[in-house]
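Next come the chains, spelled out residue by residue.
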Amino acid sequence: MPDAHPPHRRSPLFHRRPLEGEGGSLRIVEQPFLGKFILRANPDDAVEPLRAALGLGLPFDPLTSSRDGDTAFLWLGPDEWMLVTREGDPAGRAALAAQALAGIHHQLVDVSDYYTVIEVAGPRAREALMKLTPLDVHARAFRAGMVAGSVFGQANATLWQTADDAEEGGPAFRVFVRWSMADYLWCLLADAGREWGMPEEVPIKGERLTLA
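Parameters at a glance
- Residues numbered from 1 in each chain as written.
- Predicted model: local features only at pLDDT ≥ 70, side-chain atom pairs only at ≥ 80, totals over all residues.
- Heavy atoms only, no water.
- Helix = DSSP H or I, 4+ residues; strand = E, 2+ residues; numbered from the N terminus.
- Rg over C-alpha atoms; globule rule 2.2 N^0.38 Å.
- Buried < 20%, exposed > 50% of the residue type's maximum accessible area, 1.4 Å probe, protein only.
- Contact = heavy atoms within 4.5 Å.
- Areas by Shrake-Rupley, 256 points an atom, 1.4 Å probe, with all protein chains shown as cover.
- Lys, Arg positive; Asp, Glu negative; His and termini not counted.
- Charge placed at Lys NZ, Arg CZ, Asp CG, Glu CD.
- Salt bridge = Lys/Arg side-chain N within 4 Å of Asp/Glu carboxyl O.
- Pairing = 2+ DSSP bridges.
- Axes fitted to C-alpha atoms, helices over the stretch in contact; angles between N-to-C directions.
- Expected span 1.5 Å × (residues − 1).
- Core = buried A, V, L, I, M, F, W, Y, C linked by side-chain atoms within 4.5 Å.
- pLDDT = per-residue confidence, 0-100.

With that settled, consider the overall build of the protein. Summing up its helical and strand segments, the protein has 4 helices and 11 strands in all. Its C-alpha atoms give the protein a radius of gyration of 18 Å, within 12% of the compact-globule value 17 Å for 212 residues. Here the C-alpha coordinates of the protein stretch approximately 65 × 55 × 30 Å along the principal axes. Looking at the 212 residues of the protein, the share that counts as buried comes to 47%. A sequence separation of at least 24 residues applies to 59% of the contacts in the protein between residues at least 6 apart. Accessible surface, the protein as shown: approximately 10600 Å² in total, 50% of it carbon and sulfur. Each charge sign in the protein was given a centre, from 21 positive and 29 negative side chains, and these centres are 3 Å apart.

Shown next, in the form of C-alpha cells:
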C-alpha cells in the first residue's frame with residue numbers, strides 16, 4: 001500500500017504569480033494563509049484582557065486598526081473586529097485571545113479559509129485602487145492604519161492600509177476578499193495597472209473586467 005501523503009493546501013490564487021509594474025510602480029502579491037478571525041464582544045469588557053494577552057488593544061474608532069508586529073485588529077463595527085495573525089501560526093494568537101476572553105460573553109470565529117488577502121503596493125497603488133472603487137483612497141482621506149469595506153469592481157472586499165506613502169516602496173494595502181472572488185479581483189487589479197506595465201491576466205471563470 002503506498003504511503004499516505006497529507007493533503008497539499010492550495011490558496012485560491014495558487015495559479016497566479018506576483019506581478020510588478022515598470023520600475024516597481026505597482027506590485028500585486030497574494031498573502032494566502034494569514035489567520036483571520038471575526039471577533040464579536042463588548043469592547044469595554046474585552047479590551048484589557050486582550051491587551052494583556054496579545055500586547056495590543058481593540059481599536060474603538062471607526063475605520064481604524066491596532067497592530068503589534070504580525071498581529072492586528074481591524075475595526076469592522078462597534079462590537080466587531082477581524083483579528084489578523086501571521087501565516088506560520090495562524091491559530092496561536094487566536095487561542096490566546098480565546099483564553100483571555102474566557103468568562104466574557106464573546107464570539108470568535110475562524111474565517112481564514114473564507115478570505116484570502118491580496119497585497120497592493122507601490123507608488124501607483126492608490127491610483128490603481130481608485131479605478132476600481134467608489135471609496136476615497138486619496139492620501140488626504142485614507143491613511144496608514146485605516147480600514148474600510150467597499151466594492152471593487154463587482155467584488156465586496158475590505159481594504160487595510162499597512163504602510164504609509166512616505167515609506168520606501170510607496171504605500172501598501174491589503175485587500176481581504178472572499179476566495180470565490182479572488183481570481184476576478186486579481187485580474188481586475190492587473191487590468192487597472194496596465195498603463196504601468198502590468199501584464200494582462202484573464203479570469204479563469206471568464207468574468208468581464210469593468211473598471212469603475
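This is not the end of the story, as more comes after the structure.
The next point concerns the pattern of salt bridges. Enumeration according to the criterion identifies 10 salt bridges in this entry. Among the salt bridges present, the one from Arg16 reaches Glu201, with a minimum N-O distance of 3.4 Å. Of this pair, Arg16 sits in the segment before strand S1 (19-20) while Glu201 sits in the segment after helix H4 (179-192), placing them 185 residues apart in sequence. In this pair, the class of Arg16 matches that of Glu201, namely buried. Among the charged side chains, a salt-bridge network with shared partners connects Arg16, Asp183 and Glu201.

This part is about the sheet that holds strand S2 (residues 27-31). The 6 strands lie next to each other as S1-S2-S8-S11-S10-S9, forming an open sheet whose pairing is antiparallel. Looking at strand neighbours, the two that pair on one side only are S1 and strand S9 (147-152), the edges of this open sheet. In this sheet, S2 lies alongside S1 in antiparallel orientation, the contact comprising 2 bridges. Opposite Glu20, over in S2, you have Arg27 as the bridge partner. The strands touched by H4 are S1, S2, strand S8 (115-121), S9, strand S10 (155-163) and strand S11 (172-178); relative to S11, the strand with the most contacts, the crossing angle is about 140°.

Turning next to H4. With 14 residues, H4 should cover 20 Å at 1.5 Å per step; its first-to-last C-alpha distance of 20 Å lies within 8% of that length. Those residues of H4 that sit buried are Met181, Ala182, Asp183, Tyr184, Leu185, Trp186, Cys187, Leu188, Leu189, Ala190 and Ala192.

Counting residues in each nonpolar core, the largest one holds 33 residues, and the members touching the most others are Ile118, Leu159, Val177, Leu185 and Leu189. In terms of residue count, H4 provides more of this core than any other element does, 10 residues in total. The residues contacting Leu159, other than those within four sequence positions of it, are Leu129, Leu135, Val137, Phe142, Met146, Val147, Ala148, Phe152, Phe173, Arg174 and Val175. Formed by 15 residues, the second largest nonpolar core is a distinct cluster that contains Leu50, Leu54, Phe73 and Leu101.

Inspection of the sheet shows strand S4 (residues 65-68) paired to strand S5 (residues 71-77) by 4 bridges, in the antiparallel sense. Across the sheet, Ser66 pairs through a bridge with Phe73, a residue of S5. Between S4 and the antiparallel strand that follows it, S5, lie 2 residues; Gly69 among them carries a positive phi value of about 65°.

Per-residue pLDDT for the protein has a mean of 93; in total, 96% of the residues score no lower than 70. Per-residue pLDDT, averaged within each element of the protein, yields its smallest value for helix H2 (residues 92-100) (92) and its largest for S11 (98).

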